[in-house]
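# Structure at a glance
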Number of protein chains: 2
Amino acid sequence: MPEYHPLTETEAMALAVERTSLFTENAELFCQEIGDGNLNLVFHIKDQKSSASVIIKQALPYAKVVGESWPLTLDRARIESEALRIQRSLCTELVPEVYCYIPELAVTIMEDLSDHHIMRRGLIEGRRYSLFAEHIGEFMANTLFYTSDLGMNQQEKKLQQGRFVNPELCKITEDLIFSDPYTASPNNNYNPALQDMVDRLQTDEELHFEVAQLRYKFLTQGEALLHGDLHTGSIFVTDKTTKVIDPEFAFYGPMGFDPGAIIANLILNYCGQLGWIQDNAVLADYRAYLLDTIQNVWGQFESHFRRLWNEHDGDWLLNKKQFQDNYMLKLFQDTAGFAGCKIVRRIVGLSHVADIHTIKDAAAKEQAERMALTIGIALIKNHRQMKQIGEIIQTVKGV
Amino acid sequence: MPEYHPLTETEAMALAVERTSLFTENAELFCQEIGDGNLNLVFHIKDQKSSASVIIKQALPYAKVVGESWPLTLDRARIESEALRIQRSLCTELVPEVYCYIPELAVTIMEDLSDHHIMRRGLIEGRRYSLFAEHIGEFMANTLFYTSDLGMNQQEKKLQQGRFVNPELCKITEDLIFSDPYTASPNNNYNPALQDMVDRLQTDEELHFEVAQLRYKFLTQGEALLHGDLHTGSIFVTDKTTKVIDPEFAFYGPMGFDPGAIIANLILNYCGQLGWIQDNAVLADYRAYLLDTIQNVWGQFESHFRRLWNEHDGDWLLNKKQFQDNYMLKLFQDTAGFAGCKIVRRIVGLSHVADIHTIKDAAAKEQAERMALTIGIALIKNHRQMKQIGEIIQTVKGV
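Residues numbered from 1 in each chain as written. Chains lettered and ligands numbered in written order. Predicted model: local features only at pLDDT ≥ 70, side-chain atom pairs only at ≥ 80, totals over all residues. Heavy atoms only, no water.

## Looking at the sheet that holds strand β6 (residues 98-102) of chain A
Residue and element names in this part refer to chain A. Put simply, the rule is: Strand pairing is assigned whenever DSSP detects at least two bridges linking the two strands. Per the convention used, a helix needs a DSSP run of H or I reaching at least four residues, while a strand needs a run of E reaching at least two, with both numbered from the N terminus. Angles run from 0 to 180 degrees between N-to-C directions of axes, and those axes are lines fitted to C-alpha atoms, restricted for helices to the stretch in contact. A contact between two residues is defined here by any heavy atoms of the two lying within 4.5 Å.
The sheet built from five strands is open, its strands ordered β1-β2-β3-β7-β6 with antiparallel pairing. Unpaired on one side and paired on the other, β1 (29-33) and β6 mark the two borders of the sheet. Averaged over all pairs of adjacent strands, the angle between their axes in this sheet comes to 15°, without regard to strand direction. Here strand β3 (residues 53-59) runs beside strand β7 (residues 107-110); their pairing, made up of four bridges, is antiparallel. By the bridge assignment, Lys57 is partnered in β7 with Thr108. Along the sheet, helix α1 (residues 9-19) makes contact with β1, β2 (40-47), β3, β6 and β7, crossing β1 at roughly 125°. Against the sheet, helix α2 (residues 75-90) engages β2, β3, β6 and β7, with an angle of about 155° to β6.

## Side note on the relation of the copies chain A and chain B
These two copies of the chain differ by a rotation about an axis and a displacement along the same axis. Short version of the rule: Only residues with pLDDT of at least 70 in both copies count here: their C-alpha atoms drive the least-squares fit that superposes the copies.
Overlaying chain A on chain B yields an RMSD of 0.0 Å, the required transformation being a rotation through 180° with an accompanying axial translation of 0.0 Å. Those values place the two copies in the arrangement expected of a two-fold rotation axis. A shared interface surface links the copies, since 100% of the contact residues of chain A are contact residues in chain B too.

## Here's the deal with the UniProt feature "binding site: ATP" (unreviewed entry) in chain A
Residues and elements named next belong to chain A. Formally: UniProt positions are given in the numbering used here, feature names are shortened, and annotations may be inferred rather than shown by experiment. Relative accessible area decides the class of each residue, using a 1.4 Å probe on protein chains only: under 20% of the type maximum gives buried, over 50% gives exposed, and in between gives partly exposed. N or O atoms within 3.5 Å of each other form a polar contact, as long as, within protein, one can give a hydrogen and the other can take it, and as long as residues adjacent in sequence are counted only when both atoms are side-chain atoms.
In the numbering used here, UniProt assigns the feature "binding site: ATP" (unreviewed entry) to Asn40, Lys57, Glu111, Asp112, Leu113, Asp246, Pro247 and Glu248. One can find Lys57 in strand β3. Taking the relative accessible area as the measure of exposure, Lys57 reaches 8% and is therefore buried. A polar atom in the side chain of Lys57 sits 2.8 Å from the side chain of Glu80.

## Comments concerning the pairing of strand β7 (residues 107-110) of chain B
Every second residue of β7 of chain B is oriented toward a common face, with Val107 and Ile109 of chain B on one face and Thr108 and Met110 of chain B on the other, all of them buried. Two successive antiparallel strands, strand β6 (residues 98-102) of chain B and β7 of chain B, enclose a turn made up of four residues, where Ala106 of chain B displays a positive phi of approximately 55°.

## Focus on the pattern of salt bridges
The condition is simple: Salt bridges are defined by distance alone: a side-chain nitrogen of Lys or Arg within 4 Å of a carboxyl oxygen of Asp or Glu.
Tallying each qualifying case throughout the model produces 52 salt bridges over all chains. Here Lys158 of chain A and Glu174 of chain B are joined by a salt bridge, their closest N and O atoms 2.8 Å apart. One end of the pair, Lys158 of chain A, is in helix α5 (residues 154-163); the other, Glu174 of chain B, is in helix α6 (residues 167-176), on a second chain. Here Lys158 of chain A falls in the buried class, since its relative accessible area comes to 8%. Look at Glu174 of chain B and you get buried, because its relative accessible area is 2%. In this structure, Lys157 of chain B engages Asp149 of chain B in a salt bridge whose closest nitrogen and oxygen atoms are separated by 2.7 Å. Exposure class is identical for Lys157 of chain B and Asp149 of chain B. Each is buried. Salt bridges sharing common partners tie together Lys57, Arg76, Glu80, Asp246 and Glu248 of chain A.

## Thoughts on the UniProt feature "binding site: substrate" (unreviewed entry) in chain A
Residue and element names in this part refer to chain A. Mapped onto the present numbering, the UniProt feature "binding site: substrate" (unreviewed entry) falls on Asp229 and Arg345. Spanning 117 residues, the annotated positions come together in the fold, the maximum distance between their C-alpha atoms being 13.1 Å. Among the structural elements, Asp229 can be located in the loop between β9 (224-226) and β10 (235-237). The contact partners of Asp229, leaving out residues within four places of it in the chain, are Ser234, Phe249 and Lys342. Positionally, Arg345 belongs in helix α11 (residues 321-348). Not counting residues up to four positions away in its chain, the partners in contact with Arg345 are Leu176, Ile177, Pro181, Leu350 and Ser351.

This is the structure we're talking about:
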C-alpha cells in the first residue's frame, strides 16, 4: 500500500491507468495539474488519441489561504468521495461519477467535467442558465430530503451522521462565517473604506443575537447531509447541464444552509454586476434575471421537496400537512438567515468572491460591497419574521 | 479473550477478583443475580468477611418486555460505561464509579450502591428527599452544560457525539414515547376504562402537531450528551446522597429531555398518591412536597446551568445575555413538552410506572391515570407558550 505523499504527474497518470478502465494500453496520456494548490492537487489526465479523460483530486495535508498555512485533515477526501457517491445516487445527472477512492493517498478519481465551466465565472460574464434553478432545486431537494429523518430510515440516518462527523471543516465555517465578521478577528479582510459599516457590524447586539441563533443551529441541528459549501464556484454548468462538485464540507447540519449559500451567491453577483455591466438597461435586465433565478431556485426547491415528502411513505407523525407547512416556513427562514451570514462573510471575512473582489473601479467595488453588506445584515436581522421568497427579493431590490 | 456468553455467578465472582483490587485472597465471596432479567444480568458480589462489594452488570443480547423478546445491541454496555465515566468526571458524588468495562462480554464492573434505595420506591412510600432537587439540578446542569457546545470544545463535542450514536435505544424512545400512544399501535397497553381518552389522544390533530415538533427535536437536535432515561427508577437515594445510574440510552439529543423526564416522573407520583395515601390532609401535604420538589428541580437546574455558563470562558457569541435568556426559555419549553410526552406514554404506552400501575383500587387507579393523561396532554399542547416553572405547577394543581 503506498504511503501518503503528494503525487507527481507521472504517478497520477499511472493511477489513472491502473485504477480505471478508461484508457487502452496504447493511450497517449497528457497530464496537467490544474488545482489552485491551496487545499488540493487536481490532475487533468487525457488520452490524446481517444479523448478519454479523467480527474484525479488529491487532498493536501494543509490549507494555504492568504499566505498562511495550517494543517488540515486528509479525512476530508473520504468525506468528499462518500458525499459525492451518495449525492450521485440521489441525482445522477447533477453530480460527477467517482470511479475510485484511495484512502491511503487521499485520492479520488472522478469524471472529467472540463466541457463545463464554473458558474461563478459565467455569471460574472453575464451569462444566463435557464435550467439552473430547476437543476439546483432538484439537487437540494433530493440530497437534503433523502438523507434526513423525513426521507430515510431514521436508524440508518444516525449511523450515516456518524460517518460524516467533520470537525475540522466545520470549524472553518464556524469561524469564518459565524464568528469572525462580527468581532475584530485577525482573519478578517475587508476594504478599509467600509470601516464605518464594519464597526456597526461588530457592535450591533441585535445582529449578534440573530447570528448566535444561526451559529447554534449550525452547531447542533443534524437534519440532513449538507453539501456544506454550495457556492457558485462549486457548480459546473453548460447551457443544458449542471454539476455540483467539491462536497468536502459535507456533514449533518441544518438544511437551510445549502439553499442559503446558493441565494447568497446569486445576491453577491447581483451586487457585483454594477462593476461589470456599464449600460444601465443591460444591468437592470441582468439583475432581473438574477432575481428571477433566486425566486425560481427557492420555488423549485420547495416544490420538489414537498413532492418527495408527499410521495414518501415515511414517518406518519411528521407526514402531516400542518407539520410540513410549518417545517417549510422554518426552513425558508433558516435559508434567509444563512444567506445573510454568507453574504456578510464574503465582504468582511477572510475569503471573498470574484464577483465583487475583482472589480477594478474602486468606487464601484465599494458601492457593490456596501450594497451586499446592507442586504446581508437585513436578511440576518429579519429572517425569523420572513414568510416567503418574495421578501428576500424585496430586500435586495430595496437597497 | 473470552467469547460473549451470559455469565454464571461463579464466573462473575472470578471476574470481580481478577478485574478489581477490592477483594483479598482469602475473601469469602457471595454472589446474587439481582437484575430483572429483561435487559441485563446484574450480579451483586460481596465479601462476607471484609464487607467489600461490587456490582457486575452484563448486557443481554435481547430485550424482554411483556413476554415478547427482540434482539438488542450489546454496544449499549459500551455506551453506558462511557456515559457513566463522563458523568462521574463531571459530578463525582452523583454517579457510581466504573472500575472496569469488558467489551467482549458487554460487562461493566462498578460501585455497589446497595446501601441506597430506588427513588421511585421511596416516593411511593411517601418518603421525602430534601437534597434531591439540588443534587439532580447539579447533575443535569453539569452533564448537559459540559457536554454541549456551550461548555466544551466544539470540535471535541462532534467527535464525542460520534461515539454516542445509539440508534437501537433511540428507536425504543422514538417508538414508545413519540409515536405509539398517538396511534393504534400493538405496543400500547392501557386500562380499557380509558378508551375515551385514548380515542381523543389518537385523533387530536393539534396534539399530533405538537408531538411531531418534539419528535423532530429528539431526532435531530444534538445539543448535549443526555442520560436519556432519567426517571426515578434510575435514581438511587439515601437521605443524604443521590446517585444516577443506567445511562444506556445516552446519546446527543435535546437538553430538555432529561429535566422533562424528572418532572414527568414526579408528576406521575403526584397523580398516583391518591392510591397510596388515604388521609386527605396527608395527601395534600405530600403533594405539596412533590410540587415544591418540581419547582426546586427546575430552579436548581436553571441556576446551576446559568452559573456554569456565566463562569465559563466559552463561545463569545453564545455567551451574550440575550442569547442565554432566550436559550433558557426554549429549554424550559422543551422540558415541559418532553415531560408531557413522558407522562402520556406511561399511561397509554408499553411501559408503565409502579406509582400508578400497582394501585390496587380500580377506581383510584383510573382516577390517577385520567389525571396524569390530562396533565400530560396539557403540557404537550401548551409547552411552546409556557414561560416559567410555575405554569407547570399550575397545570398540575388545576386538574
